There are 2 protein chains.
Amino acid sequence: MFQAAAKTFSVAPTASVCRGILSSIRQYCKKTPTKLRVSEALSSAELGTNVKVQGWVRSVRPQKANLFLHVNDGSSLQSLQIVAGSELLTFGSAVEVTGILKKSPNQKQTVELEADQIHVVGECNPVDFPFKIKERHGLEYIRQFPHLRCRTNAFSSLLRVRSEATTAIHSYFKENGFVQIHTPIITSNDCEGAGELFQVEPSGPEHEEGENFFSVPAFLTVSGQLHLEVMSGAFSRVYTFGPTFRAENSQSRRHLAEFYMVEAEVSFTQSLEDLTKVMEDMFRSATEHVLAHCAEDVALFHKHVTPGHRWGCDLQTEHEKYLVKHCGNIPVFVTDYPYDLKPFYARDNQDHPKHTAAAVDLLVPGVGELCGGSLREERLDLLRARLEEVGLEETYSWYLDLRRFGSVPHGGFGLGFERFLQCILGIDNIKDVTPFPRFSHSCLL
Amino acid sequence: MFQAAAKTFSVAPTASVCRGILSSIRQYCKKTPTKLRVSEALSSAELGTNVKVQGWVRSVRPQKANLFLHVNDGSSLQSLQIVAGSELLTFGSAVEVTGILKKSPNQKQTVELEADQIHVVGECNPVDFPFKIKERHGLEYIRQFPHLRCRTNAFSSLLRVRSEATTAIHSYFKENGFVQIHTPIITSNDCEGAGELFQVEPSGPEHEEGENFFSVPAFLTVSGQLHLEVMSGAFSRVYTFGPTFRAENSQSRRHLAEFYMVEAEVSFTQSLEDLTKVMEDMFRSATEHVLAHCAEDVALFHKHVTPGHRWGCDLQTEHEKYLVKHCGNIPVFVTDYPYDLKPFYARDNQDHPKHTAAAVDLLVPGVGELCGGSLREERLDLLRARLEEVGLEETYSWYLDLRRFGSVPHGGFGLGFERFLQCILGIDNIKDVTPFPRFSHSCLL
């Protein structure tokens with residue numbers, strides 16, 4: 001099996017290993033080892049059975065006659081302790097271990113694997129490998145190695161949390177009757193000629209200069225909202241969860257050129273409370289799901305990586321900071337913004353002379369703005385008047401059509417997924433919550 | 001509630017409506033109507049209760065003293081039949097109906113709603129509206145109206161199936177211990193300088209000519225494979241499900257510039273069978289889920305939209321057609337392709353003089369290639385030699401690193417999500433299975 005060049009050790013059994021082997025020798029002879037993932041082995045009740053585990057060596061600790069290894073395969077933060085007799089294994093190498101699963105005498109873990117055979121599947125030169133045994137590398141250090149940082153405890157925890165949070169968000173919407181829409185990444189909608197857009201054209205010499213591939217200029221989406229609104233004319237609840245883009249010339253801890261947004265639209269909404277209820281429910285439900293399913297991973301961040309929850313404090317506007325603090329450092333909804341500050345689609349509250357729009361932001365401690373939403377202007381005459389004012393009536397004639405044919409009061413919101421992760425994990429820099437961060441002057445791999 | 005300009009009808013009760021109202025008058029007086037989605041109303045066992053339903057009018061049928069409406073809110077293909085007394089309602093308008101839910105005398109539906117009040121939330125001018133009552137519009141016709149086509153039965157069914165198939169795929173991977181990775185959309189990996197890439201740069205005059213935003217040329221991803229392989233060094237099972245891009249100058253029924261791929265990588269794989277098992281399990285599981293959860297929607301396509309399953313037959317290569325037909329018109333795996341035809345990462349089977357690579361395609365009737373996969377070359381020396389041959393050793397030094405540090409035998413595959421939908425629904429044109437199709441010379445909205 002595997003490549004011929006790999007090494008296979010026959011482990012010289014120590015006294016303790018012998019006991020384990022002897023106690024289950026009959027069972028061992030009867031059947032081939034059961035292949036288990038590390039998480040399965042850790043929670044297995046079938047002690048004394050012969051198992052096979054595959055993974056990467058996360059620690060090596062020689063002690064008396066034995067060598068203690070920790071092997072991890074990404075299925076959990078906790079590694080499986082291997083009791084071996086050889087000392088020729090290096091940190092970072094890939095191994096396949098067969099042996100007997102037994103109760104661990106150490107309280108740190110419930111089970112351990114007494115190795116019968118350890119097969120080195122892939123070696124790892126500790127001199128060249130940028131992560132060193134027993135060192136706790138900072139997030140900033142590991143960020144330099146986008147192709148290897150998933151091999152650290154911190155970043156593999158982050159990736160499990162990110163995956164579980166994604167599941168949680170899809171589950172919330174699914175359970176509440178939302179239809180998922182894949183809104184387009186490439187769009188001809190230039191968002192009122194706003195800056196910070198990426199434009200898309202084929203590369204290479206065969207592409208004719210001056211002619212657009214799509215016949216019109218095409219951009220990377222900054223939001224799926226308008227496309228979701230299309231669907232709001234036939235589905236009363238829709239959402240999208242995917243990448244969005246800003247060509248922002250910033251290397252700050254708060255901005256990425258490519259980030260994920262969760263966006264939802266609800267038809268037949270009657271007030272901002274209809275929206276804030278969905279925003280709050282989703283936030284609660286996703287957070288509870290992550291805390292329930294990734295308790296160990298979350299705890300790692302709260303204990304080691306970001307002690308004291310001091311993240312991001314200098315980055316918020318004084319305004320947001322004040323509001324969140326004033327309310328007792330809890331998430332805060334801010335509603336009914338001045339009409340003139342909001343985009344054309346925000347619904348006019350018609351409350352002159354104050355004149356506000358039915359818009360809402362959700363501010364959270366440490367991160368600032370996590371969600372933004374609004375009721376959308378569903379009244380054809382008001383929407384048309386506003387688009388005429390800014391000279392965009394023709395560009396958005398399709399959007400006006402949505403109000404011409406069976407228009408309904410509706411509203412929606414967007415949540416910045418990376419900011420959500422920063423918020424629940426207490427991670428200072430947005431580059432540390434995304435697998436391959438893209439920002440100005442950086443697009444590694 | 002809602003806009004002041006909207007009309008509210010007091011329905012003149014007919015004999016039949018009266019009976020319904022009388023039978024439940026006590027209950028009606030006691031409580032405000034329960035808001036139900038159409039799918040909830042259709043499956044409700046609580047007949048005689050006072051309910052409120054909101055949606056769009058999908059049909060209007062005057063009969064004797066009554067008017068029969070079908071109201072749909074996207075929650076199911078089936079609409080709720082409303083028995084009303086007014087004749088002022090038009091096809092396509094948005095309504096809010098309150099009344100009594102009761103057993104329908106007609107066998108076509110189990111329940112119907114005897115309207116007490118119908119509120120027109122948003123009107124729809126039948127002259128301007130491109131879809132006409134009682135007409136069955138073809139997929140090609142409705143494709144011209146990307147902002148309105150979700151209001152047809154066919155396309156709303158497609159969107160529900162697409163959403164449910166997405167859920168099914170995530171569920172399959174989740175249940176099988178895969179971690180979801182958001183592989184990047186923007187990448188500096190130019191895929192060996194292959195053509196058909198989209199390049200990305202900020203738009204607008206403030207962008208300096210000749211300087212790259214990311215300091216290097218950046219492209220839209222054509223596959224998340226290499227980024228998934230990074231994760232294969234710490235997680236034994238990972239997948240990604242997201243948009244990918246090809247700047248293919250084609251308007252054929254088989255190609256889009258933006259389409260969705262499901263990609264998975266499995267570490268510690270020992271043979272192509274490890275991969276084909278995952279491919280087959282996922283395909284079966286997703287298909288069964290869709291058939292179980294969207295039976296009505298799928299049936300619509302099989303009955304009306306694509307009668308006879310004749311789709312796509314002229315588009316496949318003779319080769320693929322022959323193979324699938326030869327095997328009895330079932331899905332077919334083709335394995336072990338000539339080494340020289342496969343990309344640098346495909347694992348060398350070292351079976352000279354035949355010399356094949358451990359690659360596999362899944363061909364399905366009607367669609368042709370649905371999945372492609374391979375074992376990846378995990379042996380540093382062989383991979384380096386091949387990259388040297390093509391002069392890419394430096395470009396892929398990070399990829400070689402993955403083999404330097406704890407390399408494991410691994411493999412993976414990609415599935416074209418739109419082709420999967422075409423396959424299970426029997427839809428001829430790929431533009432009809434995606435909400436906003438992008439292809440050469442077309443990027444609507």
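Note that the coordinates shown come from a computational prediction; the quantities given were computed from them, not determined experimentally. (Residues numbered from 1 in each chain as written. Chains lettered and ligands numbered in written order. Predicted model: local features only at pLDDT ≥ 70, side-chain atom pairs only at ≥ 80, totals over all residues. Heavy atoms only, no water.)

## Here's the deal with the overall build of chain A
The criterion, for reference: Numbering of helices and strands runs from the N terminus, with a helix taken as a DSSP run of H or I at least four residues long and a strand as a DSSP run of E at least two residues long. Only protein chains enter the accessibility calculation, which uses a 1.4 Å probe. A residue is then buried if its area is under 20% of the maximum for its type, exposed if over 50%, and partly exposed in between. Note on definitions: a residue-residue contact is assigned when non-hydrogen atoms from the two residues lie within 4.5 Å. Only the protein chains shown count as covering a residue, and every accessible area follows the Shrake-Rupley method with a 1.4 Å probe.
Check the secondary structure of chain A and you find 12 helices and 17 strands. The 445 residues of chain A split such that 60% are buried. A separation threshold of at least 6 residues defines the contact pool for chain A, and within that pool the share at least 24 residues apart is 68%. As presented, chain A carries roughly 18,300 Å² of accessible surface, and 52% of it is formed by carbon and sulfur atoms.

## A closer look at the domain arrangement of chain A
In many analyses, interface size is given as the accessible surface area lost on bringing the parts together. Residues and elements named next belong to chain A. Stated precisely, the cut-off is as follows: Domain boundaries shown here were taken from an automatic or database domain assignment. Accessible area that two parts lose when put together, evaluated with a 1.4 Å probe and summed over both, is termed the buried area. Any carboxyl oxygen of Asp or Glu within 4 Å of a side-chain nitrogen of Lys or Arg constitutes a salt bridge here.
Here chain A is described as being made up of domain 1 (34-122) and domain 2 (142-432). In this assembly, six residues from domain 1 lie in contact with 10 residues from domain 2. Both faces combined, the contact of domain 1 with domain 2 buries some 630 Å², and carbon together with sulfur accounts for 41% of it. Three residues stand out in domain 1 for area buried against domain 2, namely Arg 58, Gly 74 and Leu 77, and they jointly supply 77% of the buried area on that side. Our enumeration of links across domain 1 and domain 2 arrives at zero salt bridges.

## Digging into the interface of chain B and chain A
Counted only if it meets this: N or O atoms closer than or at 3.5 Å make up a polar contact, with two conditions inside protein: a donor-capable atom paired with an acceptor-capable one, and, for residues adjacent in sequence, both atoms drawn from side chains.
Taken together, the contacts link 113 residues of chain B with 114 residues of chain A. Summing both sides of the interface, chain B and chain A together bury roughly 8,800 Å²; the carbon and sulfur share of this comes to 63%. Here A:Lys174 ties to B:Glu164 by a salt bridge, and the two come within 2.6 Å at their closest N and O atoms. The interface formed by chain B and chain A includes 47 residue pairs in polar contact (both at pLDDT 80 or more).

## Comments concerning helix α11 (residues 397-404) of chain B
Residue and element names in this part refer to chain B. Among the eight residues of α11, six are classified as buried, and the element is accordingly described as predominantly covered. Residues Trp 398, Tyr 399, Leu 400, Asp 401, Leu 402 and Arg 403 constitute the buried set of α11. Backbone geometry just downstream of α11 places Gly 406 in the positive-phi region, at approximately 60°.

## Some thoughts on the relation of the copies chain B and chain A
Put simply, the rule reads: Copy-to-copy alignment: least squares on C-alpha atoms, limited to residues at pLDDT 70 or above in both.
Between chain B and chain A, which share one sequence, the superposing operator has a rotation angle of 180° and an axial displacement of 0.0 Å; the RMSD is 0.0 Å. Within this description, the copies of the chain are treated as partners about a two-fold rotation axis. Measuring from the rotation axis to each C-alpha of chain B, the shortest distance belongs to B:Val200, at 2.5 Å. When the interface residues of chain B are mapped onto chain A, 100% of them again fall at the interface, so both copies present the same face.

## Digging into the sheet that holds strand β8 (residues 179-180) of chain B
Residues and elements named next belong to chain B. For clarity, the cut-off: Strand pairing requires that DSSP identify at least two bridges connecting the strands. Between N-to-C directions, angles span 0 to 180 degrees; the directions come from axes that are lines fitted to C-alpha atoms, helices contributing only their stretch in contact.
Taken in spatial order, the seven strands line up as β8-β12-β13-β17-β16-β15-β14 in an open sheet, and their pairing is mixed. Each end of this open sheet is capped by a strand with a single partner; those strands are β8 and β14 (332-338). Bridge count for β8 against strand β12 (residues 237-245) is two bridges, and the pairing is parallel. Directly across from Val 179, in β12, lies its bridge partner Val 238. In this fold helix α7 (residues 272-293) packs onto β13 (258-267), β14, β15 (356-364), β16 (368-376) and β17 (410-416), with an angle of close to 15° to the strand it touches most, β15.

## A closer look at the sheet that holds strand β17 (residues 410-416) of chain A
All names here are of chain A. What the seven strands build is an open sheet, ordered β8-β12-β13-β17-β16-β15-β14; its pairing is mixed. Looking at which strands have only one partner, the edges of the open sheet turn out to be β8 (179-180) and β14 (332-338). Where helix α7 (residues 272-293) meets the sheet, it contacts β13 (258-267), β14, β15 (356-364), β16 (368-376) and β17, and its direction lies at approximately 15° from that of β15.

## Structural notes on unusual backbone geometry
With an omega of 5°, the peptide bond between A:His352 and A:Pro353 qualifies as cis. Inspection of the secondary structure assignment puts A:Pro353 in the loop between β14 and β15. One non-glycine residue, A:Gln350, adopts positive backbone phi at about 50°. By the element assignment, A:Gln350 lies in the loop between β14 and β15. Judged by relative accessible area, A:Gln350 falls into the partly exposed class, the value being 46%. Of note, the phi angle at B:His441 is positive, near 70°, even though the residue is not glycine. Structurally, B:His441 is set in the segment after α12 (417-425).

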